[in-house]
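One letter stands for each residue in the lines below.
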Amino acid sequence: MKKWLARALGRSGPPVIAVFLSGDAEISRQMAHRMRELLPDHPHLIIGRRPVDRAAYAYAQEVIEVGGPGFLAAWLEARRRLRGRWIALAPFVWSGGSTLRWVPWLVAPRKLLAFNRALERHHLRLTCPLASWRFLRGEAVGDIFRPTVFAPLRGRPQPEAGVQVFPGRPAGRRLQVAVVSPYFPFPLSHGGAVRIYNLLRQAAADADISLFSFGEKETAREVEPLREFCTRITLVETPRWDPPSLIRTLPNGVAKFQSRAMRALLAAEQAPVVQIEYTQLAHLGRAAPGRTILVEHDVTFDLHRQLRQRATGWSKVTASLEAVRWCRYEVENARGYDRVVAMSADDLERLASAGLARERLCVIENGVDLARFVPEPPPAGGAPEILFIGSFRHFPNILGYRFLIDGVWPTLRKACPDLKLTVVAGADHAYYWRRHMGADLAPPPPGVEMLDFVADVRPLYARATVVAAPLEVSAGTNLKVLEALAMERALVSTAVGVAGLGLTPGENVLLAERPSDFAASVLSLLWNRAARDEMAAAGRALVEERYGWDTLARKLVTVWEELARRVS
């Protein structure tokens, strides 16, 4: 039928993928090669403004260069060169500002596949106007409807793609445990990945662990480190599906993990213990036939309660609705688990006050790799330096950065003109700033260096004089605080920045809530080397006593063994 219709419309040849290079050169190249990986069996046409680096697209059937000063000339030339072609899909980069991004709308309006700078994709459709509008505004992809790239070629949208399975180490006669994560825990780019990776690595001495993880663009290189201590790794592509509705019953970030494939895998899993990581996967516990554990990396409804208290105007209404959604979702699902793991005694009390049975709650704290994060001598000479580590993917870190830059930094810079500030904002930090704040990230002020994802942060700790944790809202416990203490660096924080870690103000941390007090605390440490060293030594002693991953992994294995005995 399609071939007959194509002939009737004067189109010839097989369906083609018309890729429009409408973003900057590198993002466009990555997008084009991503399309080649997704649809290798279809001919690809590359359309870009001249000159196009033809060597980068040697695989393409044809490279079409369009010129002209503006949109109209580019559209007319692209239309002429594409006449008679059967376009099955028209991918393009939306977040680039180029006028070429408008050409696909007229050339193939029903085949649009938009990419953002993070290479997340979304089909733009008149049948889903709200979802398409939200994506073009730069909202989180996980919050909106997005079928897979194959939908225009196969007709009906598919909610998710396939499953990849990687064998790991040989299974022994150890306890069998399945662990489910919303993000693949490598590289160690955020606190959750650090926790999952280190606990599984340590616990593998006593258990055969099968890891089930939602995936994005993981490669064999990223999977390889976990194959050393997991018996099997299963990656399921994140469905990223959410009904485009003005009224949502599920909270933000949950619907994109409504995966039929993951449910089927868990239903067939034979492990007697299944551990679900992160609150947004709490609904998957119902699919597991064995004993179940939910790991609350943070008490999410409490985080949204804090955000609601800070909000004003219309945003307070939306924040209140989101807090209600999270409380309902989190508490109702957590009640069905045999064990719920909190990060601290404070979090345990919050869960108990929400109605969860205390006998099902336990605490397994966050930790730090004491063999990797070892003290180094403080910097000798040179300009003093402050370090703040916080991925902008997590909204509280954005608030912390604003607190530091707007309220604290001007005072510090005035008192100490040669002072430096290093901010590790994480991968794609400018994109996440736009997504959360609705505006572009301003260049950092003088003296401030902003870094993307850093694979090894130890050299940054080594050269830091003081570490800052200026969080105004937070939930769970912060691993970056433990890393700073393990490296013997003096710490200044707000109370929520170190909540649940058992730190003693004045002994192993200085606490300050107002920007002026925060600046004064930092300056007191910068100007007093003896106080700085004493506080740093006390911090290292604390983490050695309480927060080694080997000790915490033993607590986790004890919970696994207890639940496994109930099955048998």
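The structure contained in this document is the topic of the report that follows. (Residues numbered from 1 in each chain as written. Predicted model: local features only at pLDDT ≥ 70, side-chain atom pairs only at ≥ 80, totals over all residues. Heavy atoms only, no water.)

**What about the sheet that holds strand β10 (residues 232-237)?**
For the record, the criterion: Whether two strands pair depends on DSSP finding at least two bridges between them. Helix and strand labels come from DSSP, where a helix needs a run of H or I of at least four residues and a strand needs a run of E of at least two; each type is numbered from the N terminus. Note on geometry: axes are lines fitted to C-alpha atoms, helical ones only across the stretch in contact, with angles between N-to-C directions running from 0 to 180 degrees.
Pairing in this open sheet of eight strands is mixed, and the strands run β7-β10-β9-β8-β11-β12-β13-β14 from one edge to the other. If you trace the sheet from one side to the other, it starts and ends with β7 (163-167) and β14 (361-363), each paired once. Going from strand to strand, the sheet's axes swing by 20 degrees on average, the running direction of each strand aside. Judged from the five bridges that link them, β7 and β10 form a sheet pairing that is antiparallel.

**Quick look at the environment of R85**
Under the convention used in this document: Polar contact is defined as a pair of N or O atoms within 3.5 Å, subject to the rule that within protein one atom must be able to donate a hydrogen and the other to accept it, and that residues adjacent in sequence are counted only when both atoms are side-chain atoms.
By secondary structure assignment, the location of R85 is in strand β4 (residues 85-93). Separated by 212 residues in the primary sequence, R85 and H297 place their C-alpha atoms 51 Å from one another. Within the structure, the side chain of R85 is placed 3.2 Å from the side chain of Q61, a separation counted as a polar contact.

**Remarks on the environment of D517**
Looking at where D517 falls in the secondary structure, it is placed in helix α17 (residues 515-526). Spatially, the C-alpha atom of D517 lies 37 Å from that of V340, the residues being 177 residues apart in sequence.

**Re the sheet that holds strand β17 (residues 448-451)**
Reading across the sheet, the six strands line up as β17-β16-β15-β18-β19-β20 and stay open at both edges, with parallel pairing between neighbours. Of all strands in the sheet, those with a lone pairing partner are β17 and β20 (510-511), marking the two edges. As paired strands, strand β18 (residues 466-469) and strand β19 (residues 490-493) are joined by four bridges and run parallel to one another. By the bridge assignment, A469 is partnered in β19 with S493.

**Examining the packing of helix α10 (residues 300-310) against helix α11 (residues 314-334)**
Under the convention used in this document: An angle below 35 degrees is treated as roughly parallel, one above 145 as roughly antiparallel, one from 65 to 115 as roughly perpendicular, and anything else as oblique. By convention, the crossing between two helices is left-handed when the near helix turns anticlockwise from the far helix through less than a right angle, and right-handed when the turn is clockwise. Only heavy atoms enter the contact rule, under which two residues are in contact if any of them lie within 4.5 Å. Just so you know the grouping, Ala, Val, Leu, Ile, Met, Phe, Trp, Tyr, Cys and Pro go in nonpolar, Asp, Glu, Lys and Arg go in charged, and all remaining residues, Gly too, go in polar.
Contact geometry of α10 with α11 gives a least axis separation of 8 Å together with a crossing angle of 165 degrees. Relative to α11, the element α10 is oriented roughly antiparallel. Here α10 and α11 pass one another in a crossing that is left-handed. Between α10 and α11, the contacting residues are T300, F301, H304, R305, L307, R308 and Q309 on the first element and K316, A319, S320, E322, A323, W326, C327, E330 and V331 on the second. Looking at the contact of α10 with α11 residue by residue, the class counts come to seven nonpolar, four polar and five charged.

**Focus: the nonpolar core**
Formally: Buried Ala, Val, Leu, Ile, Met, Phe, Trp, Tyr and Cys residues form a nonpolar core when they are joined through side-chain atoms within 4.5 Å. Relative accessibility decides the category of a residue: with a 1.4 Å probe and only protein chains considered, values under 20% of the type maximum give buried, values over 50% give exposed, and everything between is partly exposed.
Residues L200, I209, L211, L226, I233, I293 and W560 are the most contacted members of the largest nonpolar core, which totals 39 residues. Contributing elements (two or more residues each) for this core: β8 (175-181), α7 (191-203), β9 (207-215), α8 (220-227), β10, β12 (291-295) and α19 (549-567). Per-element tally for this core: the top contributor is α19, with nine residues. Setting aside residues no more than four positions away along its own chain, W560 makes contact with L175, V177, L200, A203, A207, I209, V273, Q275 and I293. Residues L421, W433, M450 and L523 belong to the second largest nonpolar core, which totals 36 residues.

**What about the packing of helix α13 (residues 395-415) against α17?**
A pair of packed helices is captured by two measures, namely the crossing angle of their axes and the spacing between those axes. As a packed pair, α13 and α17 sit with axes 9 Å apart at the nearest point and diverge in direction by 45 degrees. By the angle between their directions, the pair α13 and α17 is classed as oblique. Along this stretch, α13 crosses α17, giving a crossing that reads as right-handed. For the pair formed by α13 and α17, the contact residues are F403, L404, G407, V408, T411, L412 and A415 on the first element and P515, F518, A519, V522 and L523 on the second. Here the contact of α13 with α17 is built from residues that sort into 10 nonpolar, two polar and no charged.

In short, shape yes, function no, at least from these values alone.
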